[in-house]
Amino acid sequence: MRAATIDRYGPPEVVQVGEVDDPRPGRDEVLVRVRAAAVSSGDARIRAARFPPGFGVPARLALGLRRPRRSILGGAFAGEVVALGAGVEDGEFAPGTLVAGMSGVRLGAHAELMAVPARRLVPVPDGVDADRAAGVLFGGTTAMWFLEERATVTPGAAVLVNGASGAVGTVAVGLAARAGATVTAVTSRNADLVRRLGATHVVDHTTTSVTDLDERYDVVFDTVGNLTIRTGRPLLRDGGRLLLAVASLGDMVRARGDVRAGTSPERAETFARLLSLVAAGDVEVVVESTFALDDIVAAHRVVDSGHKVGNVLVHP
């Protein structure tokens, strides 16, 4: 099969497309032909060994000290079932079924085929295509976990989403608005987009720093990593909650009380909920651009630009 591989850390150009051995599904695994996969900020972070402050050494120990242990990136994907490993019953994963999921630290989605544990897959509902299924998972799992499990968003709550036009932010704006919150979206050139997603107020961060805002919020959700405990807490109302999706190691350790940080879990029930919301039209999946596998270097460049809107996808 063809796959995009990396054998060293570096800029987008370290990604090479070529032939590799086809994977075989092991016990309790499903072989999937990938139709769409996200090229996410997480993929770019691993590729470039560009981690939040304090995480450089721990991340390299986990992912590979001198070079990545996993040569094929890509964690969020959608595709068709090709074959089942031992222990997987036909049922909902019959060959030809469109499924979606996230592969965790195994990665591997930037390829024509991947073997995935069945517990990490869900069927894609009717009416949802592979692009939207793959696009909602990376940002959606993070947004849903923070807004529903790390905070409580109630009708009338004031919610600030910093980085509102990214993969996490676009879903967060939609989920918060759907919960009845008054959403303030921090973005730059994408005011019309975030208003369409449900934002009531828009802050252009190129002219107004988020830390200079006079308003106070029940929930402040930083999806990009330019707020800290020190700079984010002053934005909270009494009883408010600061959510840091991209925290430094120091802030991660100190996150308690009115501050929550961490990595969202990848759970099949969350995938299914997100996809059902997409199918019902309650969550919009924003896809900025799609690329063929041969053009995946260009996809990484878009992510590295810092101006990605929603999701960037590759079609293996």
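Presented here is an overview of the structure given in this document.

Cut-offs used in this document
- Residues numbered from 1 in each chain as written.
- Predicted model: local features only at pLDDT ≥ 70, side-chain atom pairs only at ≥ 80, totals over all residues.
- Heavy atoms only, no water.
- Phe/Tyr/Trp six-rings, centres within 6.5 Å; stacked < 30°, edge-to-face > 60°.
- Helix = DSSP H or I, 4+ residues; strand = E, 2+ residues; numbered from the N terminus.
- Buried < 20%, exposed > 50% of the residue type's maximum accessible area, 1.4 Å probe, protein only.
- Axes fitted to C-alpha atoms, helices over the stretch in contact; angles between N-to-C directions.
- Parallel < 35°, antiparallel > 145°, perpendicular 65-115°, else oblique.
- Contact = heavy atoms within 4.5 Å.
- Nonpolar A, V, L, I, M, F, W, Y, C, P; charged D, E, K, R; others polar.
- Core = buried A, V, L, I, M, F, W, Y, C linked by side-chain atoms within 4.5 Å.
- Polar contact = N/O pair within 3.5 Å; in protein donor to acceptor, adjacent residues only side chain to side chain.
- Left-handed = near helix turned anticlockwise from the far one by under 90°.
- Salt bridge = Lys/Arg side-chain N within 4 Å of Asp/Glu carboxyl O.

Let's talk about the packing of aromatic side chains
Part 1 of the reasoning: Under the definition given, this model contains two aromatic pairs.
Part 2 of the reasoning: With a centroid separation of 4.9 Å and 75° between ring planes, the pair formed by tryptophan 145 and phenylalanine 146 is classed as edge-to-face.
Part 3 of the reasoning: Between phenylalanine 146 and phenylalanine 221 the ring centres are 5.3 Å apart and the planes differ by 35°, which places this aromatic pair in the tilted class. In this pair, phenylalanine 146 is assigned in helix 3 (residues 130-149) and phenylalanine 221 in strand 11 (residues 217-222), connecting sequence segments 75 residues apart. Each member of the pair, phenylalanine 146 as well as phenylalanine 221, is classed as buried.
Part 4 of the reasoning: Linked through ring pairs, Trp145, Phe146 and Phe221 together constitute an aromatic cluster.

Quick look at the packing of helix 1 (residues 41-48) against helix 9 (residues 296-304)
Part 1 of the reasoning: The geometry of helix 1 relative to helix 9 is characterised by a closest axis approach of 9 Å and an angle of 100° between their N-to-C directions. Put simply, helix 1 runs roughly perpendicular to helix 9. The residues of helix 9 that touch helix 1, namely those facing Ser41, Asp43, Ala44 and Arg47, are His300, Val303 and Asp304.
Part 2 of the reasoning: Within the contact of helix 1 with helix 9, the residues separate by chemical class into two nonpolar, two polar and three charged.

Quick notes on the nonpolar core
Part 1 of the reasoning: Core analysis: the largest hydrophobic core is formed by 52 residues, its most contacted members being Val136, Leu137, Leu147, Val173, Leu175 and Phe221.
Part 2 of the reasoning: It is helix 3 that provides the largest number of residues to this core, a total of ten residues.
Part 3 of the reasoning: Aside from chain neighbours lying at most four places away, what touches phenylalanine 221 is Thr142, Ala143, Phe146, Leu147, Leu160, Val161, Asn162, Val168, Ala172, Leu243 and Ala245.
Part 4 of the reasoning: In this structure, Leu73, Phe291, Leu293 and Val314 belong to the second largest nonpolar core, which totals 31 residues.

Looking at the side chain of lysine 308
Part 1 of the reasoning: Examined against the element boundaries, lysine 308 turns out to sit in the loop between helix 9 and strand 15 (311-315).
Part 2 of the reasoning: Of the polar contacts made by the side chain of lysine 308, one reaches the backbone oxygen of glycine 310; its length is 2.6 Å.
Part 3 of the reasoning: Ignoring any residue separated from it by four or fewer positions in sequence, one finds lysine 308 in contact with Ser165, Gly166, Ala167, Glu288, Val302 and Val303.

Focus: the packing of helix 3 against helix 8 (residues 268-279)
Part 1 of the reasoning: It is the contact of helix 3 with helix 8, at a shortest axis distance of 9 Å, that shows an interaxial angle of 110°. Overall, the two elements helix 3 and helix 8 adopt an arrangement that is roughly perpendicular. Considering the relative orientation of helix 3 and helix 8, their crossing is right-handed. Listed contacts from helix 8 to Arg132, Ala133, Val136, Leu137, Gly140, Thr141, Met144 and Glu148 of helix 3 are Thr270, Phe271, Arg273, Leu274, Leu275, Leu277 and Val278.
Part 2 of the reasoning: Broken down by class, the residue content of the contact of helix 3 with helix 8 amounts to nine nonpolar, three polar and three charged.

Remarks on the pattern of salt bridges
Part 1 of the reasoning: Going through the model one piece at a time under the given rule, you end up with 17 salt bridges.
Part 2 of the reasoning: The salt bridge involving arginine 273 is made with glutamate 148; its shortest N-O contact spans 2.7 Å. Placement of the pair is arginine 273 in helix 8 and glutamate 148 in helix 3, with a sequence separation of 125 residues.
Part 3 of the reasoning: The class for glutamate 148 is partly exposed, based on a relative accessible area of 41%.
Part 4 of the reasoning: In the salt-bridge network here, residues are joined through shared partners; they are Arg47, Arg50 and Asp304.

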